[in-house]
Amino acid sequence: MLPIEKVGAVYCAATSLLMVVMMSRLVEPVHMALLRVEWLAMTLAFVFLPALLKKHYALPFVNHTLTFLRTVAQLAWLILWYPDTYEFNRCFNNLDHHFAALDLSLFGCQPSLVFSQLLPNVAWSEAFCLGYWSYFPMIALLSLVVLFKPSVNNNGIRTIDIQTSIIQFKTVTSTILAAFFIYYAIYIFLPVAGPQFYFQAVGIEDITQGHFPALGTYFSIHTEMLPTPGDPDGFFYRLVSSAQATGERPTAAFPSSHIGISTILLLLARRHVPRLLIILLPLWVLLCCATVYIQAHYLVDSIAGLISAPFILMLAQFCLSGEFFSSKD
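Within each chain, residues carry numbers counting from 1 in the order of the written sequence. Since the coordinates come from a predicted model, pLDDT governs what is reported: local features require at least 70, and pairs of side-chain atoms require 80 or more to be given and counted, while whole-chain, interface and lining totals use all residues. With hydrogens and water stripped out, all remaining heavy atoms of the structure feed into the side-chain values.

Visitor: Help me out: how do you make sense of the side chain of E126 in this one?
Guide: Among the secondary structure elements, E126 is positioned in helix α8 (residues 122-133). For the buried E126, no salt bridge is present, and the opposite-charge side chain at shortest range is R238, 7.3 Å distant. Counting of polar contacts relies on pairs of N or O atoms within 3.5 Å, with two restrictions inside protein: one atom must be capable of donating a hydrogen and the other of accepting it, and residues adjacent in sequence are counted only when both atoms are side-chain atoms. A polar contact of 3.0 Å, which involves the side chain of E126, links it to the backbone nitrogen of F236. In this description, contact between two residues means that some pair of their heavy atoms is separated by no more than 4.5 Å. Contact partners of E126, with chain neighbours within four places excluded, come to G234, F235, F236 and Y237. By the criteria applied, helices consist of DSSP H or I runs no shorter than four residues and strands consist of E runs no shorter than two, each listed in order from the N terminus. Exposed residues in this analysis have more than 50% of their type's maximum accessible area, buried residues have under 20%, and partly exposed residues fall in between, with area computed by a 1.4 Å probe over protein chains only. As used throughout, the charge tally considers Lys and Arg to be positive and Asp and Glu to be negative, leaving His and the chain termini uncounted. Should a side-chain nitrogen of Lys or Arg be within 4 Å of a carboxyl oxygen of Asp or Glu, the pair is scored as a salt bridge.

So, in structure tokens, the structure goes:
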């Protein structure tokens, strides 16, 4: 198995064990079990595929192409692992009332309401929605640039050392996935839905008056959310709204993984491809602002995402440094 597949296997096994412990409280245990069976089937199919291609697998092109596809498959599965955190934390009492109150205590207002009111025009709306939408493209861009990064050989000629690039590609992508799973582990046990869900449930009038009721397990059966602030006619607004309508759940608000992971991308880019920061840094600034602007996060969530990023990165790298995650492929 590739390191990134081993990361996925650890997360799948750990959450499967948690499912057994929480079985009596889970709402959709069959669906959750099928998700894990499907992940296992996909991963094992990729693991044993080289045996079926034995005659061709020795060719570098075939080997590296399969490595790329196997990596993309694990990263793409994040789209399914994310809502799975909701299936766990919907069993616990919601904590949003504490975080909304903390925002008011620290900043004297609800930044997630005030920010979008201060900058309502289409230019700001589109800029921030672009930043928020760029989250996964930033991951793809960094991964691809690392994979195809040229180097200078002994003759001074710029060329791609594919073997070295593949090693760096596997290191970067497995680190990113490990960081995601560390955040997801937090979300499983810390049920914070975010302003777009909590404010919808409580009502804007009560929120502006500083009334933050505890909702218990309200979000176990309610997933209604506020409309995304901004210009509904904007191109990136529509992309963000469509993505949220399709895959968003009342989960994963604290700390903000959008800010945490994107900050980790900057740290990895600084190490492996510093020139890429010219592109990533402006998108990161817009993304950080967007998390509060579109009411996906409380401001304290976003600050926590920024502060947590270097520690999550170090923890992910520490976990990957073990012998279990080594690979000679």
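Visitor: Help me understand the layout of surface pockets in this model?
Guide: Any empty space left between atoms is shown by rolling a water-sized probe over those atoms. Here a cavity denotes grid points, spaced 1 Å and computed from the protein atoms alone, that fit a 1.4 Å probe unable to get out, and a pocket denotes an open set having protein on both sides within 12 Å along at least 5 of 7 lines; residues with an atom within 4 Å of a point are the lining. Grid points are joined across faces, edges and corners, and a volume is the space filled by probe spheres set on the points. Computed from the structure, the largest pocket encloses a volume of approximately 1100 Å³. Considering the residues around the largest pocket, the lining is formed by 42 residues, among which L78, I79, Y82, Y135 and F136 are closest to the centre. The element contributing the most residues to the lining of the largest pocket is helix α5 (residues 78-89), with seven residues. Under the convention adopted here, Pro, Cys and the residues Ala, Val, Leu, Ile, Met, Phe, Trp and Tyr are nonpolar, Asp, Glu, Lys and Arg are charged, and Gly plus all remaining residues are polar. Split into classes, the residues belonging to the lining of the largest pocket amount to 26 nonpolar, 12 polar and four charged.

Visitor: Explain empty space enclosed by the protein here, please?
Guide: The full count for this structure, using the stated rule, is one cavity of 30 Å³ or more. Estimated volume of the largest cavity: approximately 70 Å³. If you go around the largest cavity, you meet 13 residues; those closest to its centre are N89, R90, F92, P191 and F219. In terms of residue class, the lining of the largest cavity is built from seven nonpolar, five polar and one charged.

Visitor: I'm lost on the packing of helix α10 (residues 162-189) against helix α14 (residues 257-272) in this one. Help?
Guide: Two quantities define a packed helix pair, namely the angle between the axes and the distance from one axis to the other. To get an axis, fit a line to the C-alpha atoms, keeping to the stretch in contact for a helix; angles then go from 0 to 180 degrees between the N-to-C directions. Two numbers describe how α10 lies on α14: the axes approach to 11 Å, and their chain directions differ by 160°. Judged on the interaxial angle alone, α14 and α10 are roughly antiparallel. The chirality of how α10 crosses α14 is right-handed. From α10, Q168, V172, T175, I176, A179, F180, Y183 and Y187 reach across to α14, where they touch S257, G260, I261, I264, L265, L268 and H272. For classification purposes, an angle smaller than 35 degrees is called roughly parallel, one larger than 145 roughly antiparallel, one from 65 to 115 roughly perpendicular, and anything else oblique. Note on convention: near helix rotated counterclockwise from far helix by under a right angle means a left-handed crossing. Clockwise means right-handed.

Visitor: Explain the environment of L95 to me, please; I cannot follow it from the model alone.
Guide: Mapping L95 onto the fold places it in the loop between α5 and α6 (96-107). Classification of L95 as partly exposed rests on a relative accessible area of 24%. C-alpha separation for the pair L95 and T217, spaced 122 residues apart in sequence, amounts to 9.7 Å. With residues near it in sequence (within four places) discarded, L95 still touches L190, P191 and V192.

Visitor: Sorry if this is basic, but what is going on with the side chain of K6 here?
Guide: Note on placement: K6 falls in helix α1 (residues 3-22). On the accessibility criterion, K6 (12% relative accessible area) is buried. Other than its neighbours up to four places away in sequence, K6 contacts M1, F324, F325 and S326.

Visitor: In this structure, what is going on with the pattern of salt bridges? I would like to understand it.
Guide: Any two side chains of opposite charge can pair, so long as their charged atoms come close to each other. One pass over the full model with this rule turns up three salt bridges. Here R70 and E5 are joined by a salt bridge, their closest N and O atoms 2.6 Å apart. Taken together, the residues span a long stretch of sequence, with R70 in helix α4 (residues 60-76) and E5 in helix α1 at a distance of 65 residues. Taking the relative accessible area as the measure of exposure, R70 reaches 3% and is therefore buried. Given a relative accessible area of 0%, E5 falls into the buried group. In this structure, the salt-bridge partner of R36 is D84, at a minimum N-O distance of 2.6 Å. With R36 in helix α2 (residues 29-52) and D84 in helix α5, the pair connects residues that are 48 residues apart, well separated along the chain.

Visitor: Explain the nonpolar core here, please?
Guide: Looking at soluble globular proteins, one finds that nonpolar side chains tend to be buried together. To qualify as a nonpolar core, a set must consist of buried Ala, Val, Leu, Ile, Met, Phe, Trp, Tyr and Cys residues joined through side-chain atoms within 4.5 Å. In this structure, W81, L142, Y184, I261 and I264 are the most contacted members of the largest nonpolar core, which totals 60 residues. The element that contributes the greatest number of residues to this core is α10, accounting for 12 residues.

Visitor: Got a minute to help me understand the packing of α2 against α5 in this structure?
Guide: Across the interface, α2 lies against α5 with an axial gap of 11 Å and an inter-helix angle of 150°. Put simply, α2 runs roughly antiparallel to α5. The chirality of how α2 crosses α5 is left-handed. When α2 is examined against α5, the residues M32, L35, R36 and W39 are found in contact with a partner set consisting of L80, W81, D84, E87 and F88. Here the residues of the contact of α2 with α5 are counted per class, giving six nonpolar, no polar and three charged.

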